[in-house]
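Structural overview
Listed here are the chains, written in short residue letters.
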Amino acid sequence: LSGDRNNDIFYHVHNLLPTMAYQNHGLGGATWATVRSSLLAGAVSYQPIAYFLYSGINDIVAGRTWIDVETDIYAILNAIPAGSPVFICEMIPYSGPPSATDAVATTIRDWNQRYATIAANTGITLVRVWDQMGQIRPSTGFKDDLITAYNTGDGHLTTAGALKFAQVIAPQLPLGL
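Only a predicted model underlies this, so the values are computations on that prediction, with no experimental measurement involved. (Residues numbered from 1 in each chain as written. Predicted model: local features only at pLDDT ≥ 70, side-chain atom pairs only at ≥ 80, totals over all residues. Heavy atoms only, no water.)

1. Notes on the overall build of the protein
Along the protein, the regular secondary structure elements total seven helices and five strands. Mapped from its N terminus to its C terminus, the protein presents α and β elements in the order α-α-β-α-α-β-α-β-α-β-β-α. The C-alpha atoms of the protein give 15 Å as radius of gyration, which agrees with the globular expectation for 177 residues (16 Å, within 12%). Judged by the C-alpha coordinates and their principal axes, the protein covers about 45 × 35 × 25 Å. Within the protein, buried positions represent 44% of all 177 residues. Nonlocal contacts in the protein, meaning residues at least 24 apart in sequence, comprise 69% of its contacts between residues at least 6 apart. Accessible surface computed for the protein: about 8700 Å², of which carbon and sulfur atoms make up 55%. Taken together, the 9 basic and 13 acidic charged side chains of the protein have centroids lying 4 Å from each other. (Helix = DSSP H or I, 4+ residues; strand = E, 2+ residues; numbered from the N terminus. Rg over C-alpha atoms; globule rule 2.2 N^0.38 Å. Buried < 20%, exposed > 50% of the residue type's maximum accessible area, 1.4 Å probe, protein only. Contact = heavy atoms within 4.5 Å. Areas by Shrake-Rupley, 256 points an atom, 1.4 Å probe, with all protein chains shown as cover. Lys, Arg positive; Asp, Glu negative; His and termini not counted. Charge placed at Lys NZ, Arg CZ, Asp CG, Glu CD.)

Rendered as structure tokens:
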């Protein structure tokens, strides 16, 4: 499921890696719980050669706890066929109202570290994007704001942002996919 292909990150990844086919099972507004309960079965039935997992900000905005998210992530990983390459992507900085607070930024940084721990503990690949998509937020001293040119104003990616995201992740994907 996908909206505007110009803002579909993997549309741009496909242009950078044209031998890689993809099918987007994402859904705007999805949380890890949505992926687990509604989207995963369709993705698994497609029998892809790899899985790319990206979610998080909607969980934070919805007030979900890390324990809930971690439970969902491990359930998702357990449902993916053994031996399948899995990539989990860091969350990008968030600058959309009304949730672009320093507390949300701190949670994003914390959860990105937890994604790294899950990747290290399970052997899946962590795709690092946060640092390259952000600009310094003076109040935190970290790259907690999405670069202005990449932000539609509501925290979603512009076409330039989707292209940059693709340029950051494409080299981290094995060319054999």
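That shown, we press on.
2. Some words on the sheet that holds strand β1 (residues 51-53)
Spatial ordering of the open sheet is given by β1-β2-β3, a layout of three strands whose pairing is parallel. The two strands at the open ends of the sheet, each matched to only one other strand, are β1 and β3 (125-127). Strand-to-strand twist of the sheet, defined as the mean angle between neighbouring strand axes without regard to direction, takes the value 25°. (Pairing = 2+ DSSP bridges. Axes fitted to C-alpha atoms, helices over the stretch in contact; angles between N-to-C directions.)

3. Things to note about the packing of aromatic side chains
As enumerated under the stated definition, the model contains six aromatic pairs in all. With 6.0 Å between their ring centres and 80° between their planes, W32 and Y115 make a pair best called edge-to-face. Of this pair, W32 sits in helix α2 (residues 32-45) while Y115 is found in helix α5 (residues 102-122), placing the two residues 83 residues apart along the sequence. Taken as a pair, W32 and Y115 share a single burial class, namely buried. Considering the side-chain rings of Y54 and F165, the 5.3 Å spacing of their centres and the 85° angle between planes classify their relative orientation as edge-to-face. Of the two residues, Y54 sits in the loop between β1 and α3 (57-61) while F165 sits in helix α7 (residues 159-169), which places them 111 residues apart along the sequence. (Phe/Tyr/Trp six-rings, centres within 6.5 Å; stacked < 30°, edge-to-face > 60°.)

4. Observations concerning the packing of helix α1 (residues 9-16) against α7
Contact geometry of α1 with α7 gives a least axis separation of 8 Å together with a crossing angle of 55°. On the basis of their axis angle, the class for α1 and α7 is oblique. Here α1 and α7 pass one another in a crossing that is right-handed. Seen from α1, the contacting residues are I9, F10, H12, V13 and L16; seen from α7, they are T159, A162, L163, F165, A166, Q167 and I169. Grouping the constituent residues of the contact of α1 with α7 by class yields nine nonpolar, three polar and no charged. (Parallel < 35°, antiparallel > 145°, perpendicular 65-115°, else oblique. Left-handed = near helix turned anticlockwise from the far one by under 90°. Nonpolar A, V, L, I, M, F, W, Y, C, P; charged D, E, K, R; others polar.)

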